[in-house]
Amino acid sequence: QVQLVESGGGLVQAGGSLRLSCAASGRTFSDYGMGWFRQAPGKEREFVATISYSGRVTDYVDSVKGRFTISRDNAKNTVYLQMNSLKPEDTAVYYCAQAYSFRGSTKINEYRDWGQGSQVTVSS
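Residues numbered from 1 in each chain as written. Predicted model: local features only at pLDDT ≥ 70, side-chain atom pairs only at ≥ 80, totals over all residues. Heavy atoms only, no water.

Take the pattern of salt bridges next. One pass over the full model with this rule turns up five salt bridges. Asp-113 is the salt-bridge partner of Arg-27, the closest N and O atoms lying 2.8 Å from each other. Within this pair, whereas Arg-27 is found in the loop between β3 (18-25) and β4 (34-39), its partner Asp-113 is found in strand β10 (residues 111-114), the two being separated by 86 residues in sequence. A salt bridge links Arg-38 to Asp-90; the shortest N-O distance between them is 3.0 Å. Pair noted here: Arg-38 is in strand β4 and Asp-90 is in the loop between β8 (78-83) and β9 (92-99), with a separation of 52 residues, a long-range link. (Salt bridge = Lys/Arg side-chain N within 4 Å of Asp/Glu carboxyl O. Helix = DSSP H or I, 4+ residues; strand = E, 2+ residues; numbered from the N terminus.)

Written as structure tokens, this is what we have:
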């Protein structure tokens, strides 16, 4: 089992930036794809971004393309989500997750371990 701990959330004005970090321990981090998901109040958890084990392949939900960047540092067992040009509709709890395979995935059921979540609030 892997432990995932997110950090870096907070309150920001629209147009601002935040960087989320997710530190992993317990399983070989560099063997697995990673993802970021988010859940707004009253809504289902949705895919945001994913990255393959090597970091060479990434994918994003359309609503964040061009604004968010996922990256990873396998030496530090950490995955990041850089969020720029934030909008009020980005407000949610953001979760990092580790995939079952070395690939990333857009599908929630292809992830086996989840962090506790980090609140991101974007004010208008």
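The four strands lie next to each other as β1-β3-β8-β7, forming an open sheet whose pairing is antiparallel. Strand pairing shows two members of the sheet lacking a second neighbour, β1 (3-7) and β7 (68-73), which therefore form its edges. The sheet shows a mean angle of 15° between the axes of neighbouring strands, direction not considered. As defined by bridge partners, β1 adjoins β3 across five bridges and the pair is classed as antiparallel. Considered in β3, the bridge of Gln-3 is made with Ser-25. (Pairing = 2+ DSSP bridges. Axes fitted to C-alpha atoms, helices over the stretch in contact; angles between N-to-C directions.)

Under the criterion given, the structure shown has five aromatic pairs. For the ring pair Phe-37 and Phe-47, a centre distance of 5.8 Å and an interplane angle of 75° mean the geometry is edge-to-face. Residue Phe-37 is located in strand β4, and its partner Phe-47 is located in strand β5 (residues 46-51); the two are separated by 10 residues in the primary sequence. The pair Phe-37 / Phe-47 is uniform in exposure class, with both members buried. Plain terms: the ring middles of Tyr-53 and Phe-102 are 5.7 Å apart, the flat faces sit at 85° to each other, and that makes the pair edge-to-face. With a gap of 49 residues between them, Tyr-53 in the loop between β5 and β6 (58-60) and Phe-102 in the loop between β9 and β10 connect regions that are remote in the sequence. Here Tyr-53 falls in the partly exposed class, since its relative accessible area comes to 33%. Residue Phe-102 is classed as partly exposed on the basis of its relative accessible area of 42%. An aromatic cluster is present here, built from Phe-37, Phe-47, Tyr-111 and Trp-114 joined pairwise through their rings. Directly above the ring of Phe-29 sits Arg-72, whose terminal nitrogen or CZ lies 4.3 Å from the centroid. (Phe/Tyr/Trp six-rings, centres within 6.5 Å; stacked < 30°, edge-to-face > 60°. Buried < 20%, exposed > 50% of the residue type's maximum accessible area, 1.4 Å probe, protein only. Lys NZ or Arg CZ within 6 Å of the ring centre and 35° of its normal.)

Ranked by size, the top nonpolar core spans 27 residues in total, and within it Trp-36, Leu-81, Met-83 and Tyr-94 carry the most contacts. The set of elements that each furnish at least two residues to this core consists of β3, β4, β5, β7, β8, β9 and β11 (118-123). Ranked by residues supplied to this core, first place goes to β3 with four residues. Met-83 has contacts with Gly-16, Ser-17, Leu-18, Leu-20, Arg-67, Phe-68, Tyr-94 and Val-120, leaving out every residue within four places of it along the chain. Residues Phe-37, Ala-97, Ala-99 and Tyr-111 belong to the second largest nonpolar core, which totals five residues. (Core = buried A, V, L, I, M, F, W, Y, C linked by side-chain atoms within 4.5 Å. Contact = heavy atoms within 4.5 Å.)

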